[in-house]
Every structure is written in structure tokens, then in C-alpha cells.
Amino acid sequence: MVPTLADEILRRLVEAGGTPVSGQHLAARMGVTRAAVWKGVESLRGHGYPVESLPARGYRLTQQGSGLRPGELAATLRTRRLGRPARHCSSVDSTNREAERWAGAGAPEGALVLAERQTAGRGRLGRTWADLPGRSLLFSLLLRPPLPAAQTPPLTFAAAVALAEALARWVPPQALELKWPNDVLLGGRKVAGILLEMRAEGQRTEHVILGVGVNVEGDPAEYPTAIRDLCTTVAAWTCPPPRRSEVLCAFLEAFESAYEDFLQTGLEALLPRWHRWFRLQGQAVRVQTPGGTVEGRAVGLGPTGSLLVDTGKGAPVREIFAGDVERSTTRVP
Ligand code: BTN
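What counts and what doesn't
Residues numbered from 1 in each chain as written. Predicted model: local features only at pLDDT ≥ 70, side-chain atom pairs only at ≥ 80, totals over all residues. Heavy atoms only, no water. Pairing = 2+ DSSP bridges. Helix = DSSP H or I, 4+ residues; strand = E, 2+ residues; numbered from the N terminus. Axes fitted to C-alpha atoms, helices over the stretch in contact; angles between N-to-C directions. Contact = heavy atoms within 4.5 Å. Core = buried A, V, L, I, M, F, W, Y, C linked by side-chain atoms within 4.5 Å. Buried < 20%, exposed > 50% of the residue type's maximum accessible area, 1.4 Å probe, protein only. Near = heavy atom within 4 Å. Polar contact = N/O pair within 3.5 Å; in protein donor to acceptor, adjacent residues only side chain to side chain. Areas by Shrake-Rupley, 256 points an atom, 1.4 Å probe, with all protein chains shown as cover. Phe/Tyr/Trp six-rings, centres within 6.5 Å; stacked < 30°, edge-to-face > 60°.

Sheet topology places strand β11 (residues 292-301) next to strand β12 (residues 307-310); 4 bridges connect them, and they run antiparallel. Counted as the bridge partner of Ala298 is Val309 from β12. Two successive antiparallel strands, β11 and β12, enclose a turn made up of 5 residues, where Gly305 displays a positive phi of approximately 100°.

Here it is in C-alpha cells:
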């Protein structure tokens, strides 16, 4: 998707960092008339961007925006491919759904949908995902991995690793933890979640949608009563919190490298990066699986993303493919 003229002007004003840029310069660089630049600036103002006109000097942004609009993002994102093109919605049912619609209309790998709020945000296992409008980071990334459908689900681990690596720039790394399969915890409470959805034709992957929600700003007490004691925000750990756009760029940059490793060598290459954040290794755990409770010592991640649990007494290590894991106080032989 070609960026709109307004986005392109925004990108150039963000890059100028508050220094005025003349209308003539913008027009010449973009190959349009000065009248078109003026129209683009008016459109930015209509969207709430404080663009000042300084006589004989040009246009400048008087305040930073959220950084999440495509033009702003293009000015700061340092990935090679991921995060472009981008679509920013003030409100949407679910960024995963919007990405699915866009994928159906031919969006390329790397396309990104961002939202300020979701009216039907979805979590794993049919749960809902709550957000604080304008303060949570909510996005979906479209991927078109050249892999058979059965090999794509472990991409969720690449995303979890990238989230932990990104958030470690702002919060104490020792407080971050990955809870199998893919929750990101901060101080033992959930700070981010991942919803990976896929469309396949037989064994051929059409596309994968990687939906991510990160509780960046705000206070956990603002979340619905049922989850407020289970969740946290980045802002509860660092003041002032990072901007949502900074977290997004850090994630996309970390994920791009994890994704490339994954495409080349599979999950194997990511295991050391994942284990860095897996704090249950060697610990007694209880896992509620669809087939019952398994107790033992957590060994780590198996080659396809299963959780390996040593139940002791010389029994073979159990491979668990679905379930909820928690620390256990039961002694394991
Ligand atoms: C979970 O932990 O249950 C996964 C939560 C995933 C939430 C994100 S928010 C952006 C994207 N759109 C959705 O509807 N869900 C994901």
C-alpha cells in the first residue's frame, strides 16, 4: 500500500525533529505541488496533529504524536521488512480480524494493523482481551512464511522471545518471565499476550496473523476486576513508561531476527533465547492438561514447542502439547 501524502509529510516532519521544513522543500522532495502539501498538512491537522506554519520558514510539529501512525512509524522503524505497510485504526473490532480482512485483499508479508482500542479484542482459548484505550499497545502482524501449516505454530515462541527482549530495555530483566506456552509475565503478572492465527490450504500456509497486546501505560487497577490482580503494566514498573511506539519498534526489530532464525533453522535456533526467560526450568510444576494433571520437574521446551516434564521414577520425559503450567509445592522424586 502506498503511504498517503499526509503520512509522507508526517514522516518528514517527524524526521526533522521540530525544525521547520519549507513547503517548497516538501513539494520538491515528494514531486507534488505546494498546494498538495498544504492539503496534506490540513489533513494532518484534521487528525489532531499540531502542525504549525511559520511564515517564510515552513511547517513543523510542535508536539510528538503517539508515534503509531504509519508516517510516524516509518520515520522510526529500523526493520528491513516487518511493519510495512501499516494501518492505524482509532477503533476496530480486533486487529487480528482487520489483518485477516487485509490479508484477504492481498496485503503483503510484514503488513501491520494497529489500534488505539478494540471493541472485540480476543485472547487465546476463546477469551477476551481487555485494553485501556489509547494506552495499550494492540497490533497484528501479517506473515506469509514459506512453511507447511504444521510448522508455523512455534512462531508464537519467536514472538514471546522478542517481547521479552524488547521489554527488557525498560524493566528489570530478572522480573520478566515467559510462561509456557507464550504469556509474558512481569513480576509474576501478565503484561503481554500473543494470539497466533493461521489460514491454510491443505498443508500450504496462506498466512499467519500474529496478534500482540502489551499493557504499556496505565495502572493495573484500571483493568476489569476479574483480571486486575493477575495483570500488570509496564508503567507500574518504570516511570515514565516507554512510548507505545518505542515498545512496538523494539518488538518488531527483535522479532525480525527471531523470525529469520526460525525460517532458516526452525525452533532449534531460538531455544537458547527462549530458555533465557523460562524461570521454571528444573522446578517442580503442575500442568493442567486436557487429559488430566501432570506433576513433575520442568525440563524446558521440546523441539516442536511442547513442554517437557520429567515426572521422575525413571519414567520417560513427558511431552505436553497444551495446558496451563504453574509452580508446584509437591516434592518430585
Ligand atoms: C492471550 O494471552 O490470550 C492472547 C492475547 C492477544 C491479544 C492481542 S491484542 C491485539 C490482537 N488482537 C486481538 O483481538 N487479540 C490480539
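Take the sheet that holds strand β9 (residues 204-214) next. Pairing within the open sheet is mixed, and its 7 strands lie in the order β3-β4-β5-β9-β8-β7-β6. Pairing within the sheet leaves two strands with one partner each, and these edge strands are β3 (86-89) and β6 (176-179). When the angles between neighbouring strand axes are averaged without regard to direction, this sheet yields 15°. Examined bridge by bridge, strand β7 (residues 183-186) and strand β8 (residues 189-201) share 3 bridges and lie antiparallel to one another. Directly across from Leu186, in β8, lies its bridge partner Arg189. Across the sheet, helix α8 (residues 244-265) touches β4 (112-115), β5 (137-143) and β9, and the angle it forms with β5 is around 30°.

Note on soluble globular proteins: their nonpolar side chains tend to be buried together. Core analysis: the biggest nonpolar cluster contains 66 residues, and Leu112, Leu137, Leu167, Val214, Leu248, Phe251 and Phe255 have the highest contact counts within it. With residues up to four places along the chain from it excluded, the contact list for Leu112 reads Leu73, Gly83, Pro85, Ala86, Arg87, Trp102, Phe139, Ser140, Leu141, Leu248 and Leu252. With 15 residues, the next largest nonpolar core counts Ile9, Leu13, Tyr49 and Val51 among its residues.

Time to look at the sheet that holds β12. Pairing in this open sheet of 5 strands is antiparallel, and the strands run β13-β12-β11-β10-β14 from one edge to the other. Edge positions in the sheet fall to β13 (318-320) and β14 (324-327), since each of these pairs with one other strand and no more. Taking each pair of neighbouring strands and ignoring which way they run, the sheet shows an average axis angle of 45°.

In the vicinity of the ligand, 20 residues are found, and the nearest of them are Ser94, Gln118, Arg122, Arg124 and Lys190. Thr95 is positioned with one of its side-chain polar atoms (N or O) 3.0 Å from a nitrogen atom of the ligand. At 2.7 Å from a nitrogen atom of the ligand is found a main-chain nitrogen or oxygen belonging to Arg122. For the ligand, whose accessible area on its own is 420 Å², the fraction buried by protein is 98%.

Moving on, we get to the packing of aromatic side chains. Summed over the entire model, instances satisfying the criterion amount to 5 aromatic pairs. Here the aromatic rings of Phe139 and Phe251 are separated by 5.4 Å at their centres, their planes lie at 50°, and the arrangement is tilted. Of this pair, Phe139 sits in strand β5 while Phe251 sits in helix α8; the two residues are 112 residues apart in sequence, bridging distant segments of the chain. You can call Phe139 buried: its relative accessible area is 1%. For Phe251, a relative accessible area of 1% puts it in the buried group. An aromatic cluster is built from Phe139, Phe251, Phe255 and Tyr259, whose rings are joined through pairwise contacts.

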